[in-house]
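# Descriptive analysis of the structure
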Amino acid sequence: MTFGSENEVREYYKSYAQFKGFSICKLGGRNGQDGKQKWFSIACAKNGVFTSKGKNSLQVRPSTKTNCKAKINVAVRNEGTFEITSVFHEHNHILSPGKSRHLRSHKVLDSTAKRKLQLNDEAGITLSKTFQSLVVEAGRYDNMTFDERSCRNYISETRRLRLGNGDAEALCQYLYRMQSRCLIFFYVYDVDEENRIRNVFWADGRCRAAYEYFSDVITFDTTYLTNCYDMSFAPFVGVNHHGQSILLECGLLSSEDSESFIWLFKAWLTCMNERAPKAIITDQCRSIVIAIEKNEVKGLMFCDTSILEEYGTTTIFGVVETILGTDGEYMRDISMKV
């Protein structure tokens, strides 16, 4: 079967999965030498095996992974079409067609419901009352394509993006003013579908000049602090020739998901004329890994550091370095104690 876009393939398999009673997710594919996607897979969400990283083997976290092999493989042809080349139907778990609406990939919050949730929240109407009114409009709960938790998550995200009166304008004016004082001051901000500020990135002239000399190894961490809007502060920090930490660039992120990190990395590399550092040290969270797999950042070394032991004032860290090639492909892991 041939489709015109990746979204058509996903929607086709998604409708089949909803009828059968399982959730789906996209697996990693492979790019060609030209950097374009050549093939990928869409599989049952229970694919793979969960590996616990906890130290206590008696308290293993529960997992939904069953190493299910059901999936479809899709090839991207030169003419831009998407062809399903192979299909695997067998599941190793029970399917639940009657509970499909509760599965993650089938929860869809449409634009009408989003608008009603947002207006009622601004008017002070409780979420439970708004959700009950949506159930009444749908006829019954079984007809709903989302649950109350999805509504609650959407409202939480909306509140984070809802700046106070004049706050967005004040931010833009501040950035304009800084750029008028320094011509090489760089800034960019990201907005959502309703033109609300979602992410911000900036770097002044001193930071950009310092990056030219001290960009060999930098650290990136979003665990420092958040502001009153729960936006994470994301600084890029380097070390100068005196061994002192220096701020190179920074940003504010409304969410620590893969989409936000991809946007931030794009803005960062654009600001630095596509000049990536030789190594970057950061917590290896899943969202950053996804950004790497999409080849947004290449030729970097990512370190995952955790405290192993403490002896008075001496701390032993366990470091796992993930080495990526210049093409973004995984090469090897190196473990060490520091």
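Residues numbered from 1 in each chain as written. Predicted model: local features only at pLDDT ≥ 70, side-chain atom pairs only at ≥ 80, totals over all residues. Heavy atoms only, no water.

## Re the overall build of the protein chain
Here is the rule we go by: By the criteria applied, helices consist of DSSP H or I runs no shorter than four residues and strands consist of E runs no shorter than two, each listed in order from the N terminus. Here, residues are in contact when the closest pair of their heavy atoms is within 4.5 Å.
Across its full length, the protein chain carries 8 helices and 14 strands. Summarising the internal contacts of the protein chain: among those between residues at least 6 apart in sequence, 47% fall at separations of at least 24.

## Some remarks on helix H7 (residues 258–271)
In plain terms, the rule: Here, expected helix span is obtained from the residue count minus one, scaled by 1.5 Å. For the exposure calls, accessible area comes from a 1.4 Å probe over protein chains only, and a residue counts as buried if that area is under 20% of its type's maximum, exposed if over 50%, partly exposed in between.
Across its 14 residues, H7 extends 20 Å between first and last C-alpha, which sits within 8% of the 20 Å expected from 1.5 Å per residue. With 10 of its 14 residues buried, H7 lies for the most part within the structure. Listed as buried for H7 are Ser260, Phe261, Ile262, Trp263, Leu264, Phe265, Ala267, Trp268, Leu269 and Cys271.

## So, the pattern of salt bridges
Close approach of charged atoms lets side chains of opposite charge pair. Applicable threshold: In the sections that follow, a salt bridge refers to a side-chain nitrogen of Lys or Arg positioned within 4 Å of a carboxyl oxygen of Asp or Glu.
One pass over the full model with this rule turns up 8 salt bridges. With its nearest N and O atoms 2.8 Å apart, the salt bridge here joins Lys26 to Glu6. Of the two residues, Lys26 sits in strand S2 (residues 24–31) while Glu6 sits in helix H1 (residues 6–20), which places them 20 residues apart along the sequence. For Lys26, a relative accessible area of 37% corresponds to the partly exposed category. Look at Glu6 and you get partly exposed, because its relative accessible area is 28%. The partner of Lys107 in a salt bridge is Asp147, with the nearest N and O atoms 2.9 Å apart. Of this pair, Lys107 sits in the loop between strand S5 (82–88) and helix H2 (111–122) while Asp147 sits in the loop between helix H3 (127–138) and helix H4 (148–161), placing them 40 residues apart in sequence.

## Regarding the sheet that holds S2
Put simply, the rule is: When DSSP finds two or more bridges between a pair of strands, those strands are recorded as paired.
Spatially, S1-S5-S4-S3-S2 is the arrangement adopted by the 5 strands of the open sheet, whose pairing is antiparallel. Of all the strands in the sheet, just strand S1 (2–3) and S2 have a single pairing partner and so form its edges. For strand S4 (residues 71–76) and S5, the ladder comprises 6 bridges, and the chain directions are antiparallel. Within S5, the residue paired with Lys71 across the bridge is Phe88.

## Some details on the nonpolar core
Nonpolar side chains tend toward joint burial in soluble globular proteins. So the rule is basically this: Side-chain atoms within 4.5 Å are what join buried Ala, Val, Leu, Ile, Met, Phe, Trp, Tyr and Cys residues into a set we call a nonpolar core.
Core analysis: the biggest nonpolar cluster contains 23 residues, and Phe201, Phe220, Phe236, Leu264 and Trp268 have the highest contact counts within it. The set of elements that each furnish at least two residues to this core consists of strand S7 (197–203), helix H6 (205–213), strand S8 (217–220), strand S9 (232–239), strand S10 (245–253) and H7. Tallying contributions element by element places H7 first for this core, with 8 residues. Beyond its immediate stretch of four places on either side in the chain, Phe201 contacts Phe186, Tyr187, Val188, Phe236, Glu249, Cys250, Gly251, Trp263, Leu264, Ala267, Trp268 and Cys271.

## Some words on the side chain of Ser105
Here is the rule: Within 3.5 Å is the distance limit for a polar contact, defined as a pair of N or O atoms, with the added protein rule that one can donate a hydrogen and the other accept it, and that residues adjacent in sequence qualify only through two side-chain atoms.
Within the secondary structure, Ser105 is located in the loop between S5 and H2. Residue classification places Ser105 among the buried residues on the basis of a relative accessible area of 14%. Engagement of the side chain of Ser105 in a polar contact is seen with the side chain of Ser23, the distance being 2.9 Å. If we skip the residues at most four places from it in the chain, Ser105 touches Lys14, Ser23 and Ile24.

## As for the packing of aromatic side chains
Here is the rule: Stacked, tilted and edge-to-face pairs are distinguished by plane angle, under 30 degrees for stacked and over 60 for edge-to-face with tilted covering the rest, among Phe, Tyr and Trp rings (Trp via its six-membered ring) whose centres lie within 6.5 Å. Ring-over charges, as used throughout, are those where CZ of Arg or NZ of Lys falls within 6 Å of the ring centre and within 35 degrees of the ring normal.
Per the counting criterion, the structure on display carries 17 aromatic pairs. Ring-pair connections join several aromatic residues into one group, and the members of that group are Phe186, Phe201, Phe220, Phe236, Phe261, Phe265 and Trp268. Here Lys26 stacks its cationic end above the ring of Phe40, 4.8 Å away from the centre of that ring.

## A short note on the environment of Thr145
Locating Thr145 in the fold gives a position in the loop between H3 and H4. Given a relative accessible area of 36%, Thr145 falls into the partly exposed group. Distance in space between the C-alpha atoms of Thr145 and Ser100 is 9.3 Å, their sequence separation being 45 residues. With sequence-adjacent residues up to four places away left out, Thr145 is seen in contact with His106, Lys107 and Val108.

## Considerations on the confidence of the model for the protein chain
We apply this condition: Confidence of the predictor at the level of single residues is captured by pLDDT, which takes values from 0 to 100.
Across the protein chain, the average pLDDT comes to 77, with 75% of residues at or above 70. Across residues 304–338 the pLDDT falls below 50, and counting only partners more than four positions away or on other chains, this stretch makes 81 contacts in the model.

## So, the sheet that holds S8
Definition in use: Lines fitted to C-alpha atoms define the axes here, with helix axes fitted over just the stretch in contact, and angles between the N-to-C directions of these axes take values from 0 to 180 degrees.
The 6 strands lie next to each other as S6-S7-S10-S9-S8-S11, forming an open sheet whose pairing is mixed. Across the chains shown, the open sheet's two edge strands, defined by having one partner strand only, are strand S6 (186–191) and strand S11 (279–282). Strand-to-strand twist across the sheet, computed as the mean angle between neighbouring axes with direction ignored, equals 20°. Note: S8 against S11, 4 bridges, orientation parallel.

## Overview of the packing of H2 against H3
Defined as follows: Reported orientations rely on four angle classes, namely roughly parallel under 35 degrees, roughly antiparallel over 145, roughly perpendicular from 65 to 115, and oblique for the rest. Definitions for this section: a left-handed crossing has its near helix turned counterclockwise from the far helix by less than a right angle. A right-handed crossing has that turn clockwise. Only Asp, Glu, Lys and Arg are considered charged, only Ala, Val, Leu, Ile, Met, Phe, Trp, Tyr, Cys and Pro nonpolar, and every remaining residue, Gly among them, polar.
Taken N-terminus to C-terminus, the directions of H2 and H3 make an angle of 150°; their axes are 10 Å apart at the nearest point. Looking at the two axes, H2 sits roughly antiparallel to H3. H2 and H3 meet at a crossing whose hand is right-handed. Residues Ala113, Lys116, Leu117 and Asn120 of H2 lie in contact with H3, whose contacting residues are Leu127, Thr130, Ser133, Leu134 and Glu137. Class assignment of the residues belonging to the contact of H2 with H3 gives a composition of 4 nonpolar, 3 polar and 2 charged.

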